[in-house]
Amino acid sequence: MPIRVTLDEMLVRRGMKARELAAMVGISETQLSLFRSGKVKGIRFRTLAKLCFVLDCAPAELLGYDRDAADLQQADDDA
């Protein structure tokens, strides 16, 4: 998957534990863990906004993209 979740790096920069972030955002530690590992297909914009508010960052600081021309050729079932 060319989309990378870089939340762990942000947690280190902020000196925050994932458990603390999950509590502040109002999601379960399991949900946050799945997002951190990239094992989810999507995230609600509202949850992303809460993460950004608590971490004082922009969405682009939590997600990365590895450019791959094959992305244009793959069927996108989630569009």
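Everything numeric in this text was worked out from a predicted model, so none of it was measured.

Visitor: Sorry if this is basic, but what is going on with the packing of helix H1 (residues 7-14) against helix H3 (residues 29-37) here?
Guide: Two measures define how a pair of helices packs: the angle their axes make with one another and the distance between the axes. For the pair H1 and H3, the least separation of the axes is 8 Å and the interaxial angle reads 115 degrees. Put simply, H1 runs roughly perpendicular to H3. Of H3, the residues touching H1 (which contributes Leu7, Asp8 and Leu11) are Leu32, Phe35 and Arg36. Its residues assigned to classes, the contact of H1 with H3 comprises four nonpolar, no polar and two charged.

Visitor: What am I meant to see in the side chain of threonine 47 here?
Guide: Its place among the elements puts threonine 47 in helix H4 (residues 45-55). Overall, the relative accessible area of 17% leaves threonine 47 in the buried class. Ignoring sequence-local partners within four residues, the contact set of threonine 47 consists of Val25 and Ile27.

Visitor: I tried to follow the nonpolar core on my own but got confused; where do I start?
Guide: Most often, soluble globular proteins have nonpolar side chains that are buried together. Counting residues in each nonpolar core, the largest one holds 17 residues, and the members touching the most others are Leu7, Leu11, Leu21, Leu32, Leu51, Leu55 and Leu62. Counting residues per element, the ones that place at least two in this core are H1, helix H2 (18-25), H3 and H4.

Visitor: Would you mind showing me how to read the state of the cysteines here?
Guide: Applying the stated criterion to the full structure yields zero disulfides. Of all cysteine sulfurs, the one in cysteine 57 lies closest to cysteine 52, which takes part in no disulfide; the gap is 4.2 Å. According to the relative accessible area criterion, cysteine 52 is buried, its value standing at 8%.

Reading guide: rules and limits
- Counting of residues starts from 1 at the beginning of each chain's written sequence and follows it residue by residue.
- Since the coordinates come from a predicted model, pLDDT governs what is reported: local features require at least 70, and pairs of side-chain atoms require 80 or more to be given and counted, while whole-chain, interface and lining totals use all residues.
- Each side-chain value is worked out from all heavy atoms of the structure, with water and hydrogens disregarded.
- Angles shown run from 0 to 180 degrees and are taken between the N-to-C directions of axes, each axis being a line fitted to C-alpha atoms and, for helices, limited to the stretch in contact.
- Numbering of helices and strands runs from the N terminus; a helix is a DSSP stretch of H or I covering at least four residues, while a strand is a stretch of E covering at least two.
- When an angle is under 35 degrees it counts as roughly parallel; over 145 it counts as roughly antiparallel; between 65 and 115 it counts as roughly perpendicular; any other value is oblique.
- Contacts between residues were defined by any pair of non-hydrogen atoms, one from each residue, lying within 4.5 Å.
- Ten residue types, Ala, Val, Leu, Ile, Met, Phe, Trp, Tyr, Cys and Pro, are classed as nonpolar, four, Asp, Glu, Lys and Arg, as charged, and the remainder, Gly among them, as polar.
- Residue exposure (1.4 Å probe, protein chains only): buried if accessible area is under 20% of the type maximum, exposed if over 50%, otherwise partly exposed.
- By nonpolar core we mean a set of buried residues, namely Ala, Val, Leu, Ile, Met, Phe, Trp, Tyr and Cys, connected to one another through side-chain atoms within 4.5 Å.
- Pairs of cysteine sulfur atoms within 2.5 Å are identified as disulfides in what follows.

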